[in-house]
Amino acid sequence: MTQILCIGSVLWDVIGRAERAMRLGNDVPGHITRLPGGVAMNIAMALVRENLRPSVLTAIGLDAEGDELIRACNDLGVKADLALRHADFPTDRYMAIEGENGLIAAIADAHSLEAAGKAIIAPLLNGSLGSDEHPYRGVICIDGNLTRDLLTRIATAPAFTRADLRVVPASPGKAERIVPLMAHPNATLYVNLEEAGLLATATFSDAPTAARALLERGAKRVLVTDGALAVCDGSQGQPLLTMNPPAVREARVTGAGDTFMAAHIAAEISGQDRAQALETALQTAANYVAGETL
């Protein structure tokens, strides 16, 4: 049985990793891996590690890479039986280069997801999972790889009025896409400091300042991260909650934000209060960055 839905990017992550600091133009030895990824998939995999049962709503090609990706989802405990599969959509990919000093560069090829549009949320409209008359009542994770048109539809559709929406931009370049969801009464936004600035059309020096500004602009709840610096949970009608993440040596960075989000959601589902959930999420993300979890 599905406990939580993840809507957005499910693709192949191709990650090149060098065990040294890198800068633009470097050509160094390292390791290259290909793993199931994408924001929605990373969140779903992290939810599986939290003993939850997620399903993904996404677009996956009817090609060999897509068949392999579906099998990988099943093997990892992520249900993909409701994913849209279409012969015109090749399976999406993400490519990143990482050094000891963090992410150097990345390219996301999620054109199939964008082309699929509203077709990927059909199960929430046609009665399979919900409809306008009988809205889905569980947790739905939404990533900013969806088009702004689709995110606007989700923000206003009756089928999403009862859901607990957890929204992440996917990248700073797509942060402005989630603006339509800011005022949704059940939406929690997970953003970093740069993304918060793009949403508020301002520059912030720290997470608490950013969280306060987003609440003033109508957001119902936001969690703002700032790398190794303080994280802030801001919610309408409640005091800001600020906490410092544990200090660790970075072994990897791709997927850390998705891990934080998934751990926070799982902690709240289990009944932890705001402070407990934030502490749990920060420790889980720190363990991930340090390479202590798969």
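Look up a bit, the structure's there.
Note that the coordinates shown come from a computational prediction; the quantities given were computed from them, not determined experimentally.

Procedures and definitions
Residues numbered from 1 in each chain as written. Predicted model: local features only at pLDDT ≥ 70, side-chain atom pairs only at ≥ 80, totals over all residues. Heavy atoms only, no water. Helix = DSSP H or I, 4+ residues; strand = E, 2+ residues; numbered from the N terminus. Buried < 20%, exposed > 50% of the residue type's maximum accessible area, 1.4 Å probe, protein only. Contact = heavy atoms within 4.5 Å. Axes fitted to C-alpha atoms, helices over the stretch in contact; angles between N-to-C directions. Parallel < 35°, antiparallel > 145°, perpendicular 65-115°, else oblique. Left-handed = near helix turned anticlockwise from the far one by under 90°. Nonpolar A, V, L, I, M, F, W, Y, C, P; charged D, E, K, R; others polar. Polar contact = N/O pair within 3.5 Å; in protein donor to acceptor, adjacent residues only side chain to side chain. Phe/Tyr/Trp six-rings, centres within 6.5 Å; stacked < 30°, edge-to-face > 60°. Lys NZ or Arg CZ within 6 Å of the ring centre and 35° of its normal. Expected span 1.5 Å × (residues − 1). Pairing = 2+ DSSP bridges.

*Asks:* How should I be thinking about unusual backbone geometry in this particular structure?
*Replies:* Excluding glycine, residues mostly carry a negative phi; peptide bonds, for their part, are mostly trans. At Asn51, a residue that is not glycine, the phi angle is positive and equals roughly 65 degrees. Following the sequence through the fold, Asn51 ends up in the loop between helix H1 (39-49) and strand S4 (54-57). In this structure, Thr201 takes a positive phi of about 50 degrees despite not being glycine. Mapping Thr201 onto the fold places it in the loop between helix H5 (193-200) and helix H6 (207-216).

*Asks:* Just to check I follow, could you spell out the environment of Ala108 for this structure?
*Replies:* Within the element layout of this structure, Ala108 appears in strand S8 (residues 102-109). Judged by its relative accessible area of 38%, Ala108 falls in the partly exposed class. Distance from Ala108 to Leu11, taken between C-alpha atoms, is 9.5 Å for residues 97 residues apart in sequence. Residues in contact with Ala108, not counting those within four places in the same chain, are Arg93, Tyr94 and Lys174.

*Asks:* How should I be thinking about the packing of H5 against H6 in this particular structure?
*Replies:* Here H5 crosses H6 at 30 degrees, and the two axes come no closer than 10 Å. Relative to H6, the element H5 lies roughly parallel. Relative to H6, H5 is oriented so that their crossing is left-handed. Between H5 and H6, the residues in contact are Leu193, Ala196, Leu199 and Ala200 and Ala207, Ala210 and Leu214, respectively. In terms of residue class, the contact of H5 with H6 is built from seven nonpolar, no polar and no charged.

*Asks:* In this structure, what is going on with the side chain of Thr58? I would like to understand it.
*Replies:* Structurally, Thr58 can be placed in the loop between S4 and strand S5 (59-61). Within the structure, Thr58 has its side chain in polar contact with the backbone nitrogen of Val10 (distance 3.5 Å). When sequence neighbours within four positions are dropped, the list of residues in contact with Thr58 reads Gly8, Ser9, Val10, Ala83, Leu84, Leu113 and Ile120.

*Asks:* Please clarify how the packing of aromatic side chains should be interpreted in this entry.
*Replies:* Any pair of aromatic rings gets described here by the distance separating the centres and the angle formed by the planes. Per the counting criterion, the structure on display carries one aromatic pair. Pairing Tyr190 with Phe260 gives two aromatic rings, centres 6.4 Å apart and planes at 75 degrees, and the pair type is edge-to-face. Linking Tyr190 in strand S11 (residues 187-192) with Phe260 in helix H7 (residues 256-269), this pair joins segments that are 70 residues apart in sequence. On the basis of relative accessible area, Phe260 is assigned to the buried category, the value being 6%. One Lys or Arg, Arg34, reaches over the ring of Trp12 and ends 3.9 Å from the middle of that ring.

*Asks:* It is not clear to me how helix H8 (residues 274-289) should be interpreted in this structure. Could you clarify?
*Replies:* Three or four residues apart is the spacing at which side chains of an α-helix point the same way, because the helix has 3.6 residues per turn. End to end, H8 covers 23 Å across 16 residues, agreeing with the expected 22 Å (1.5 Å per residue, within 8%). Buried within H8 are the following residues: Arg274, Ala277, Leu278, Ala281, Leu282, Thr284, Ala285, Ala286, Tyr288 and Val289. Taking the backbone nitrogen of Ala275 as reference, a side-chain oxygen 3.2 Å away marks Asp273 as the first, capping residue of H8.

*Asks:* Explain the sheet that holds strand S2 (residues 11-17) to me, please; I cannot follow it from the model alone.
*Replies:* Pairing between the strands of a sheet comes from backbone hydrogen bonds, and it takes one of two forms, parallel or antiparallel. Judged by pairing direction, the sheet is mixed, and its four strands sit side by side in the order S3-S2-S7-S8 without closing on themselves. Across the chains shown, the open sheet's two edge strands, defined by having one partner strand only, are strand S3 (31-37) and S8. In this sheet, neighbouring strand axes are inclined to one another by 15 degrees on average, regardless of whether the strands run parallel or antiparallel. Most of the contacts of H1 go to S3, to which it runs at about 80 degrees, and overall it touches S2 and S3. Relative to S2, helix H2 (residues 64-75) is tilted by about 90 degrees, and along the sheet it contacts S2, S3 and strand S7 (93-99).

*Asks:* Would you explain the environment of Val248 in this entry?
*Replies:* Tracing the backbone through its elements, the reader meets Val248 in the loop between strand S14 (241-243) and H7. You can call Val248 partly exposed: its relative accessible area is 35%. Considered as a pair, Val248 and Pro185 are 63 residues apart in the sequence and their alpha carbons are 36 Å apart. Once you skip the residues sitting within four places of it in the chain, Val248 turns out to touch Ala286, Val289 and Ala290.

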